[in-house]
Amino acid sequence: MSNLLEITGLTKSFGGTVVLNNVDLSVGAGEVRALLGENGAGKSTLIKILAGIHHEESGTFAIDGVKQTFRNPHDSALAGVATVHQELMISPGLSVAENVLLGTKMPTRLGKIAWGELNRTAEKWFAELGQKIDVSRPVDELSAVQMTMTAIARALCLDAKILILDEPTAALTDSEVHLLFATVKRLRERGMGIIYVSHRLEEVFTIADTYTVLRNGSKVSEGKVVDTSIPEIINSMAGREVSSIFPDRSIPGSNEILSVRDLSAKKIRGVNFTVKAGETLGIGGLAGSGRSEILRVLAGAQRRASGTIELHGNVYLPKSVGSAQSDRVVLVPQERRRDGLIPGSILSNIVITTLSKLTNFGFFSSTRKERKMGQAAWEK
Ligand SMILES: Nc1ncnc2c1ncn2[C@@H]1O[C@H](COP(=O)(O)OP(=O)(O)O)[C@@H](O)[C@H]1O
Ligand SMILES: [Mg+2]
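For the structure given in this document, a descriptive report is provided here. From a predicted model like this one, the values you see are computed outputs, not experimental measurements.

1. Considerations on the overall build of the protein
Tallying secondary structure elements over the protein gives 14 helices and 18 strands in all. The long-range fraction of contacts in the protein, counting pairs at least 24 apart against all pairs at least 6 apart in sequence, stands at 58%. Entry remark: accessible area of the protein is about 21800 Å², with carbon and sulfur atoms responsible for 52%.

Spelled out as structure tokens, the structure:
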């Protein structure tokens, strides 16, 4: 019997650079294949070819033994491939149900969309995934895992044979990951073939049956997950012996830099901790438990209600993000795209908080100085 998906010699370049080089890959019915590789290895490019977004330069792929050429994403969907992209492509402004059924035959009554039936159909697909969700909600209000589920429900609705998940867990909490895995297992039992891209190897070892590792666009290893180990995969991804995933821990000094006592604010009550020079403090907790709020208070982005904070033994009460930064306390926020960056160049993002040092008599003028500072910070 032929495989559900059989890719042979797939090659693709962008502007003269080969990003996929003669790659073979197969997925059988009921198989979850992890597609692994460092950033830039070519994973998303391979997936985008299967999704009809990019076109192969050479090589072939067949679904159920039938050779395919996709001119566009519609061709890919018709051939039974459903892709949940790294950047989720949902249609904002529409309801969950509309997103699930979009592009399929919408149920109508007397020429109008039959909303009741539309919603019931969408609910049925969520039930297949073991999920219950109010499908009349606007999709914009959903959590990350619910959006992923919506994209997967849509795959079911389109009767996909092959489901491709590109970094589906990047924005999910641990419990949401469990939810997603339960769903993936159900789909595997239905005989779907699944390609699963993730950076988190522990995760891959729980969910995948087989793996393929790409490096610089070439397939460097493949096999069954039970026959390999995380260190082996890491070496294969990196192309060299990687002796440790994390650098050695430095031993914190005795010099206390930050001391937080009885801190209370919105969502936080009576929090105490200290941080010494050279120390990395991990803060754990479920989503919504107040982790981000602690950090926001420290970074001057949220008001403190009571308690004391000391920085280098001095009372520290940042009134704004800017005042925290002048005390050299900086937050890299969770939602970096939304909160952390301003539109513009990398350089202006790096030096934005130091504009006062770059102005001459109040005019923003020193482009050369700006470049030098930005470059130095990047290299650090
Ligand atoms: N549309 C594009 N135009 C030019 N280069 C691209 C494009 N998409 C990806 N690349 C390049 O192709 C290489 C592989 O990228 P990608 O497939 O996104 O890797 P991965 O998903 O494994 O991180 C990278 O060097 C990337 O910069
Ligand atoms: Mg990618």
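2. As for the pairing of strand S1 (residues 5-14)
For S1, the tally of buried residues reaches 7 of 10 residues, placing the bulk of the element in the interior. Sheet analysis places S1 next to strand S4 (residues 58-63), joined by 5 bridges and oriented antiparallel. Paired with Ile 7 across the two strands is Phe 61, which belongs to S4. In terms of strand pairing, S1 meets strand S2 (residues 17-27) through 7 bridges, oriented antiparallel. Looking across to S2, one finds that Ser 13 is bridged to Val 18. Counting the residues between successive antiparallel strands, the hairpin from S1 to S2 contains 2 residues, one of them, Gly 15, with a positive phi of roughly 50°.

3. Observations regarding the environment of Thr 274
With respect to the helices and strands, Thr 274 occurs in strand S14 (residues 268-276). Judged by relative accessible area, which is 34%, Thr 274 ranks as partly exposed. Taking the C-alpha atoms as reference points, Thr 274 and Ile 257, separated by 17 residues in sequence, lie 7.6 Å from one another. Apart from the residues within four sequence positions on either side, Thr 274 is in contact with Glu 256, Leu 258, Ser 259 and Glu 279.

4. What to know about the pairing of strand S9 (residues 162-166)
The buried fraction of S9 amounts to 5 of the 5 residues, a majority that puts the element mostly inside the structure. With burial as the criterion, each face of S9 is covered, one bearing Ile 162, Ile 164 and Asp 166 and the other bearing Leu 163 and Leu 165. When strand S6 (residues 81-84) meets S9, the two strands line up parallel, connected through 4 bridges. Each bridged residue has a counterpart across the sheet, and for Val 81 the counterpart in S9 is Ile 162. At this point the chain moves from S9, through helix H6 (residues 174-189), to the parallel strand S10 (residues 193-197), and the crossover so formed is right-handed.

5. Quick look at the site of ligand 1
Looking at ligand 1, the residues that line it are Phe 14, Val 19, Glu 38, Asn 39, Gly 40, Ala 41, Gly 42, Lys 43, Ser 44 and Thr 45. The separation between an oxygen atom of ligand 1 and a polar main-chain atom of Ala 41 is 3.2 Å. The side chain of Thr 45 places a nitrogen or oxygen atom 2.6 Å from an oxygen atom of ligand 1. Surface burial for ligand 1 is 57%, taken as the share of its 560 Å² of free accessible area covered by protein chains. If you tally residues by element for the shell around ligand 1, the top one is helix H1 (residues 43-50), at 3 residues. Split by residue class, the shell around ligand 1 holds 3 nonpolar, 5 polar and 2 charged.

6. Side note on the pattern of salt bridges
Under the defined criterion, the tally for this structure stands at 11 salt bridges. Between Arg 33 and Glu 31 there is a salt bridge, and its shortest N-O distance comes to 3.2 Å. For Glu 31, a relative accessible area of 14% puts it in the buried group. A salt bridge links Arg 190 to Glu 128; the shortest N-O distance between them is 2.2 Å. Taken as a pair, Arg 190 in the loop between H6 and S10 and Glu 128 in helix H4 (residues 115-128) lie far apart in primary sequence, 62 residues in all.

Criteria and cut-off values
- Just so you know, the residues in each chain are numbered from 1, in the order the chain's sequence is written.
- Ligands are numbered from 1 and chains lettered from A, in the order in which they are written.
- Reporting of local features is limited, given that this is a predicted model, to residues whose pLDDT is at least 70; pairs of side-chain atoms are given and counted only at 80 or more, and all residues count toward the totals for whole chains, interfaces and linings.
- Computation of side-chain values: all heavy atoms of the structure, hydrogens and water removed.
- Secondary structure follows DSSP: runs of H or I at least 4 residues long count as helices, runs of E at least 2 residues long count as strands, and numbering of each begins at the N terminus.
- Whether two residues are in contact is decided by their heavy atoms: any pair within 4.5 Å suffices.
- Note on areas: Shrake-Rupley with a 1.4 Å probe; residue coverage comes only from the protein chains shown.
- Accessible area is worked out with a 1.4 Å probe on protein chains only. A residue is then buried under 20% of its type maximum, exposed over 50%, and partly exposed in between.
- Two strands are counted as paired when DSSP detects at least two bridges linking them.
- A clockwise course of the path from the first strand over the helix to the second, judged with the strands pointing away from the viewer, identifies a crossover as right-handed.
- Any residue with a heavy atom lying within 4 Å of a molecule or strand is counted as near it.
- The term polar contact refers here to a pair of N or O atoms within 3.5 Å; inside protein, the definition further demands a hydrogen-donor-capable atom paired with an acceptor-capable atom, and it admits residues adjacent in sequence only when both atoms are side-chain atoms.
- Each residue is assigned to one class: nonpolar for Ala, Val, Leu, Ile, Met, Phe, Trp, Tyr, Cys and Pro, charged for Asp, Glu, Lys and Arg, and polar for all the others, Gly among them.
- Should a side-chain nitrogen of Lys or Arg be within 4 Å of a carboxyl oxygen of Asp or Glu, the pair is scored as a salt bridge.

Remember, this is a structural readout, not a statement about activity or role.
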